[in-house]
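Close look at the chain arrangement
Take a look at the letters that make up each chain.
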Amino acid sequence: MASPGEAATDDSHVGKNKKPPARYWQELPEEGEDENKDEKGGEKPLPQKDQQTQKAKKRKQEEDQRDGKKFVSGKSDPFPGPAPIPKERVQKFKRKDKAKKPRHQHFKLRDMMKRSDEASEMSQKQAARFDLLLPEDAGFLEGDEDEDTCTISQEDIAEAVDITSGAKYFNLKLSQFGPYRVDYSKTGRHLLLGGRRGHVACIDWQSKHLMCEINVMESVNDVKWLHSEAMYAVAQKKWLYIYDSNGIELHCIRKFNDVLRMQFLPYHFLLATASATSFLQYLDVSVGKEVAAFCTKTGRLDVMCQNPHNAIIHLGHPNGTVTLWSPNQKEALVKMLCHQGGVRSVTVDKTGTYMVTSGLDKKLKVYDIRAFKPLKSYFLPAGASCLSLSQRGLLSAATGDVVQVYRDVWSAPVTKPYMAHRVRGSVWGLHFCPFEDVLGVGHGDGFTSMLVPGAGEPNFDGLDANPYRSAKQRQEWEVKALLEKIQPELISLDPTELGYVDRATFEQRHRDRVQALGYDPLAKEKFVPKYKKKGRSSAGAVERRKKQVAHEDQRDEIRKTVEDKMKMEKEIKERAQKKAALSNQKSALDRFKK
């Protein structure tokens, strides 16, 4: 009789050879597969045929691995290759269409174009894959049933949102030096205020940290950040001044006098100014030189904006026209009659497609700049004195002390505002903060920061405008931006013209070739009669041969002219036959003819 210990050893409930868990890509084991193993757990020697089959499988697997097929734990990968990308997401990041390949003899050009297409396709796919890392999306304000969003107050919105977003709604009571002009930096981090009575302040508005505060002791017409938050320009009563972020005066530019409005072109490092003496001037802030100065001859220039897409300056005039200017041309590129009265404000969206204007005729008009045609026209009872467009296409319009925000003004008819807010004092400046759902309002009683859900772009480009960059990153960005500065000569209405190939006509290329060679290589060689013996090269015989060749050329021309003439006569004859056939058809009214 066996002892209990021996029985436990012989008859264990756990199998000696535990099978690994089956995977869904593995083939199911066939019946009788385990027959190769004997009862003791050892493997039986395989027949010679089975050994050859296993060697062949192993050889094939090694060949597949050399060919690039991936294997997981000795098995083939069930999902080979990169993960598929949805076509809609790839189409979103499409940069260009595939270029037409040149003829076979231009093999170097073909290789260059092929590499360019491959790089563009790879970057397109990478951008589509990394789109998953941009989960932020713009959200808009939604009211309850039968509730208009324009009736929701700023206090209600500040209470409903989180603490960080609620802190972005605040008021600065500065009634002593108002009204105020407003400007946000390109990153949306810093705020610049300029009071009519000389008060200038720089604020890190998110942390409420005051960077500098000065009083220039004369009236201020406009303020504008330059390429970074380290410098800003102030249009004072007489001249244009440049200050740093500590309030120290860096430059006094006396060439720019009586400046009323300013716009800064960030990729060209150009400060464009409009003066009360009807002059439009451009200052290159990287070298401190005046690039261009034009007299528009249209009176006082107090309405100005820029097109962010192509860096064209839009000016509004008292006669109701809007003109488009470039530093490369002394005359206006385009003149548009927009209003029956004077133009009060102009703004352009970031894509450069739509322009919104308001005038003394109390109308708000939306134009398609591509076709220079009006799309929509709205009547505002009090008219709009200031306009501003956000990154997401929201339009803010100030009428007196009321700020109204409209949504989808160019895609659908608008009957009521999206949001509305009343401030203390008449509005003098409006500006949407980049990458934030905030609208800055400068008015007679100071400054108000409004919450406007859905106004800002939720995802920013960290290499272009990073709100969280450090001082070292800002310095590196500034150096790169200076190296990549676009020259003012490249500013044009259509920025895509720079990518076109200037294909000279065949006549121009042929003319240049003739001028370089000194003769026309395509000209027909003059007929020189061959010298013949036995008196056949006398002067008369040579002339006869020359006339014969000339007659042959004339015959070809005459034959071509006759063929064209016969073709025209045939067409006229066919037309006459069709007309006669139509006239011969009897009509129901022919019985009334006498």
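In this report, the structure presented in the accompanying data block is examined. (Residues numbered from 1 in each chain as written. Predicted model: local features only at pLDDT ≥ 70, side-chain atom pairs only at ≥ 80, totals over all residues. Heavy atoms only, no water.)

1. Here we look at the overall build of the chain
Of the regular secondary structure elements, the chain holds 9 helices and 30 strands. Classification of the 594 residues of the chain by burial places 37% in the buried group. Across the chain, contacts joining residues at least 24 apart in sequence account for 44% of those joining residues at least 6 apart. Total accessible area on the chain stands at roughly 39600 Å², and carbon and sulfur atoms take up 52% of it. (Helix = DSSP H or I, 4+ residues; strand = E, 2+ residues; numbered from the N terminus. Buried < 20%, exposed > 50% of the residue type's maximum accessible area, 1.4 Å probe, protein only. Contact = heavy atoms within 4.5 Å. Areas by Shrake-Rupley, 256 points an atom, 1.4 Å probe, with all protein chains shown as cover.)

2. Things to note about a nonpolar patch on the surface
A grouping of Tyr267, Ile486, Leu490 and Leu498 is seen on the molecular surface, where their side chains present a nonpolar patch of about 360 Å² in accessible area. Looking at where Leu490 falls in the secondary structure, it is placed in the loop between helix 7 (471–483) and helix 8 (506–517). Relative accessible area serves as the criterion here: at 40%, Leu490 is assigned to the partly exposed category. (Patch = residues over 30% accessible without salt bridge, like charges linked within 9 Å, V, L, I, M, F, W, Y side chains within 5 Å. Salt bridge = Lys/Arg side-chain N within 4 Å of Asp/Glu carboxyl O.)

3. Topic: the sheet that holds strand 18 (residues 321–325)
One open sheet accounts for 4 strands, arranged 16-17-18-19; its pairing is antiparallel. Either end of the sheet is taken by a strand with one partner, and the two such strands are strand 16 (303–306) and strand 19 (334–337). Going across the sheet, the axis of each strand differs from the next one's by a mean of 20 degrees, ignoring polarity. Two strands pair when backbone bridges link them, and strand 16 and strand 17 (residues 313–316) are joined in this way by 4 bridges, in the antiparallel orientation. Directly across from Gln306, in strand 17, lies its bridge partner Ile313. (Pairing = 2+ DSSP bridges. Axes fitted to C-alpha atoms, helices over the stretch in contact; angles between N-to-C directions.)

4. Remarks on the side chain of Asp244
Position of Asp244 among the secondary structure elements: in strand 10 (residues 239–244). For the buried Asp244, no salt bridge is present, and the opposite-charge side chain at shortest range is Arg474, 10 Å distant. At 2.7 Å, the side chain of Asp244 and the backbone nitrogen of Ile248 are in polar contact. Residues contacting Asp244, with those up to four places away along its chain left out, are Ala230, Met231, Tyr232 and Leu250. (Lys, Arg positive; Asp, Glu negative; His and termini not counted. Polar contact = N/O pair within 3.5 Å; in protein donor to acceptor, adjacent residues only side chain to side chain.)

5. What to know about the pairing of strand 21 (residues 354–359)
Burial analysis of strand 21 places 6 of its 6 residues in the buried class, which makes it a mostly covered element. Alternating residues of strand 21 divide into Tyr354, Val356 and Ser358 and Met355, Thr357 and Gly359, and every residue in both groups is buried. Pairing analysis gives 5 bridges linking strand 20 (residues 343–348) to strand 21, with the strands arranged antiparallel. If you follow Val348 over to strand 21, its bridge partner there is Met355. Strand direction decides the pairing type here: strand 21 and strand 22 (residues 363–368), joined by 5 bridges, are antiparallel. The residue bridging Tyr354 from the neighbouring strand is Asp368, located in strand 22. Linking strand 21 to strand 22, which pair antiparallel, is a turn of 3 residues; within it Lys362 sits at a positive phi near 65 degrees.

6. Structural notes on helix 8
Over its 12 residues, helix 8 runs 16 Å from end to end, which matches the ideal 16 Å to within 8%, given 1.5 Å per residue. Positive backbone phi, at 90 degrees, marks Gly518, one or two positions downstream of helix 8. (Expected span 1.5 Å × (residues − 1).)

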